Amino acid sequence: MKELKVEHLRKSVGDKVLFSDVSFLLKENDRIGLIGQNGTGKTSLLSIIADEYGFDGDINPIQKSNDFRITYLSQLPNFNEDATVLDAVLNSDAPKIKIIRDYEKALSSFAKDASENQQNLLTEAEERMHAAEAWTLEAELKSILTQLKITDFQQKISQLSGGQKRRVQLANVLITPTDLLLLDEPTNHLDIPAILWLQNYLAKFKGILLFVTHDRYFLDAVSNKIFELRNQNIYEYQGNYASYLAQRAEQELLDENQAHKAKQLYKQELAWMRAGAQARSTKQQARINRFKALESSVKQQTTTGALNLQFEQSRIGKKVLEISAGTFEYNNRPIFEDFSLLVQNTDRIGIIGPNGAGKTTLLKIFTGELALTSGTIELGETVNIGYFSQEITGLPADKRLLPFLQEFAQEYKGGNGIVSITNLLEQFLFPKDSHGKLIGKLSGGERKRLYLLTLLIKRPNFLIMDEPTNDLDIDTLVVLEHFIDQFNGPVVIVSHDRYFMDKVAEKLLIIENQHISEYFGIYSDYLQEQPQDKSKAEVLAKASEKPKPKVNRNRLTYFEKKEWLTIEDEIAELEARIEAINKEMNECGSDFAKLNALQKELDEKALRLEEKYERWDYLSDKTE
């Protein structure tokens with residue numbers, strides 16, 4: 001059984017200590033969810049284990065056998081932009097992957113030049129595939145790609161969006177044979193069907209899995225152990241995320257009792273230290289040292305922990321927002337038609353739909369950034385919108401934290417009275433030693449937290465949030481959910497995070513096929529009620545498994561023989577059209593009407609392809 005040990009890992013970045021003395025063991029069949037607040041070093045830990053980031057000291061803290069294989073999904077894909085999708089996915093030194101890469105190259109060359117020489121090269125590549133028993137792995141590769149909605153294997157990496165590159169990167173690490181799989185936010189840029197597929201795929205993974213995610217349903221479904229980064233160390237919990245929450249709650253109850261005792265002791269020691277300069281020289285140095293350690297511990301307990309949002313809101317009247325017979329068109333193409341909505345002052349509304357359906361567009365109509373093509377929209381006179389956009393704006397990289405916020409105000413009147421901007425930053429988990437930090441040096445999660453602070457400091461009474469959960473750690477998400485629950489005004493949210501949506505949204509707006517419908521209930525209930533049809537990805541996965549022609553056809557009827565002679569050509573035509581449709585869809589951009597038409601044709605062709613393959617299976621059996 002292979003395993004990896006980490007012993008006495010230390011790492012600092014500037015003056016900040018990430019890991020003081022961390023040790024743990026990773027063993028086969030461990031599926032470990034790594035959690036912790038932003039800035040505690042989750043990505044750094046994965047990078048150190050993957051040997052892409054250094055550690056402090058001369059002794060390597062990572063102990064593993066020489067043949068131990070590690071595969072790492074980082075947050076930023078790094079591909080050769082001129083490579084094809086298939087080249088990028090097969091970018092591995094694993095022997096079977098090399099054989100598949102050579103086979104695919106020979107197959108592509110033969111398609112362009114069917115000469116005898118290319119035929120011989122293809123035959124040799126096929127023989128190596130047989131010898132290595134690599135056909136199953138090749139079929140799995142193409143199945144993974146289709147499940148991740150990547151069907152044009154010859155497309156250049158340079159032509160892909162950021163989300164598509166991320167999915168290609170995920171396919172690359174999933175197909176590469178490994179002993180330890182490190183995944184940093186694997187659900188980013190995946191829709192719900194793909195996330196569910198990935199959950200099931202990882203449940204069957206036989207090696208060691210260590211992953212970071214803010215998707216709590218995914219974390220709960222995949223993990224059998226939780227590592228929490230806290231106070232420069234790792235705390236280990238057995239079981240999934242639900243088990244972790246129960247164990248952590250019990251631990252915090254014990255910690256509260258211990259913290260109370262520590263604070264009482266601190267008060268006594270503080271009185272002793274202040275007893276006077278004359279006696280100070282006679283005090284025991286050991287007791288002075290103990291006081292300093294205790295003081296540091298108590299201060300740490302009071303300055304760390306969960307984010308507590310206490311913000312005043314401007315008052316809001318009964319009338320918030322109303323749309324009547326609203327239609328919106330882009331380049332003379334309808335995004336939605338004849339849509340009416342009344343937003344009331346206690347509403348919690350979630351907006352869902354496929355990528356490109358118009359979710360962000362609808363939010364921008366609410367804020368007034370975009371205007372309806374026809375119909376009316378009315379906003380209440382007392383409404384003060386706080387718009388949390390998907391793209392962070394208004395945070396100058398060359399300004400420092402404290403001076404930037406002081407441009408808004410020198411102090412803030414919140415739910416707990418008047419607080420200084422310095423204290424406000426500390427409440428948002430920015431310690432004093434970070435207040436002079438350049439905004440451009442903040443992590444993604446820290447920028448999101450600062451962006452949220454600049455939004456709430458303006459006292460909005462109507463929150464509109466576009467993917468607010470991206471880059472936020474779980475602790476901050478929990479507090480944000482609590483804040484939204486306590487918010488005295490309507491909230492409209494777009495998010496792919498199922499757990500977050502279940503916690504904050506009581507009604508859904510579903511945008512699809514140029515129509516907006518309403519659903520009263522939570523996101524999980526809506527998903528459960530959807531028909532469980534066979535997905536297009538399953539159909540397209542079948543298309544990747546090329547049928548092998550048979551020779552003996554004597555058992556076929558006359559008409560079946562005629563059908564057998566043409567069915568493979570018909571399959572090839574359908575495959576070619578599906579590939580062409582996918583290319584057209586990638587080139588359509590925001591032409592929603594054309595995308596809709598192509599999607600319908602893709603569904604039809606995929607269904608016909610499935611029927612042809614079922615028929616091919618039937619005829620193939622009769623030839624044997």
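Predicted, not measured: the structure shown is a model, and the values here were computed from it.

(A) Spotlight on the environment of Asn188. Along the polypeptide, Asn188 turns up in the loop between strand 6 (180-184) and helix 7 (192-203). Overall, Asn188 belongs to the partly exposed group, its relative accessible area being 22%.

(B) Inspection of the sheet that holds strand 2 (residues 16-27) at higher detail. Across the sheet, three strands lie side by side as 2-1-4; this open sheet has antiparallel pairing. The open sheet terminates on both sides in strands that have one partner only, identified here as strand 2 and strand 4 (62-63). Two strands pair when backbone bridges link them, and strand 1 (residues 3-13) and strand 2 are joined in this way by eight bridges, in the antiparallel orientation. Across the sheet, the residue bridging to Leu9 is Val22, located in strand 2.

(C) Examining the pairing of strand 6 more closely. Strand 6 sits mainly inside the fold: five of its five residues count as buried. Residue alternation in strand 6 divides its side chains into two sets, Leu180, Leu182 and Asp184 and Leu181 and Leu183, and both sets are buried. When strand 5 (residues 70-73) meets strand 6, the two strands line up parallel, connected through four bridges. Opposite Tyr72, over in strand 6, you have Leu182 as the bridge partner.

(D) The pattern of salt bridges, seen in detail. Applying the stated criterion across every chain, the model contains 20 salt bridges. Ionic pairing is found between Asp179 and Lys2, a salt bridge with its closest N-O pair at 3.3 Å. Note that Asp179 is positioned in the loop between helix 6 (162-175) and strand 6 and Lys2 in the segment before strand 1, a separation of 177 residues in sequence. Note on Asp179: relative accessible area 11%, which makes it buried.

(E) Region of interest: the side chain of Ser434. With respect to the element layout, Ser434 can be found in the loop between helix 14 (421-427) and helix 15 (444-456). On the basis of relative accessibility, which here comes to 12%, the residue Ser434 falls in the buried class. Separated by 2.7 Å, the side chain of Ser434 and the backbone oxygen of Pro431 make a polar contact.

(F) Examining the confidence of the model for the protein more closely. The share of residues in the protein with pLDDT of 70 or more is 82%, and the mean pLDDT across the chain is 81. Every residue in residues 301-305 scores below 50 in pLDDT, and together they form five contacts with partners more than four places removed in sequence or on other chains. For residues 533-554, every residue scores under 50 in pLDDT, and the model assigns this stretch 36 contacts once sequence neighbours within four places are set aside.

(G) Spatial organisation of the nonpolar core. Ranked by internal contacts, the top residues of the largest apolar core, which has 96 residues, are Leu145, Val168, Leu174, Leu202, Leu450 and Leu508. If one sorts the elements of this core by residue count, helix 7 sits on top with seven residues. Every residue in contact with Leu202, bar those within four places of it in the chain, is listed here: Arg31, Leu174, Leu181, Leu183, Leu209, Phe218 and Val222. Of all hydrophobic cores here, the second largest spans 27 residues; its members include Phe328, Leu362, Leu372 and Ile511.

(H) Geometry of the packing of aromatic side chains. For the structure shown, the criterion picks out 12 aromatic pairs. Aromatic pair Phe388 and Tyr451: ring centres 4.9 Å apart, planes at 50 degrees, arrangement tilted. A residue pair is termed long-range when its members are at least 10 positions apart, and Phe388 in strand 14 (residues 385-388) and Tyr451 in helix 15 qualify at 63 residues. In this pair, the class of Phe388 matches that of Tyr451, namely buried.

The rules behind these values
Residues numbered from 1 in each chain as written. Predicted model: local features only at pLDDT ≥ 70, side-chain atom pairs only at ≥ 80, totals over all residues. Heavy atoms only, no water. Helix = DSSP H or I, 4+ residues; strand = E, 2+ residues; numbered from the N terminus. Buried < 20%, exposed > 50% of the residue type's maximum accessible area, 1.4 Å probe, protein only. Pairing = 2+ DSSP bridges. Salt bridge = Lys/Arg side-chain N within 4 Å of Asp/Glu carboxyl O. Polar contact = N/O pair within 3.5 Å; in protein donor to acceptor, adjacent residues only side chain to side chain. pLDDT = per-residue confidence, 0-100. Contact = heavy atoms within 4.5 Å. Core = buried A, V, L, I, M, F, W, Y, C linked by side-chain atoms within 4.5 Å. Phe/Tyr/Trp six-rings, centres within 6.5 Å; stacked < 30°, edge-to-face > 60°.

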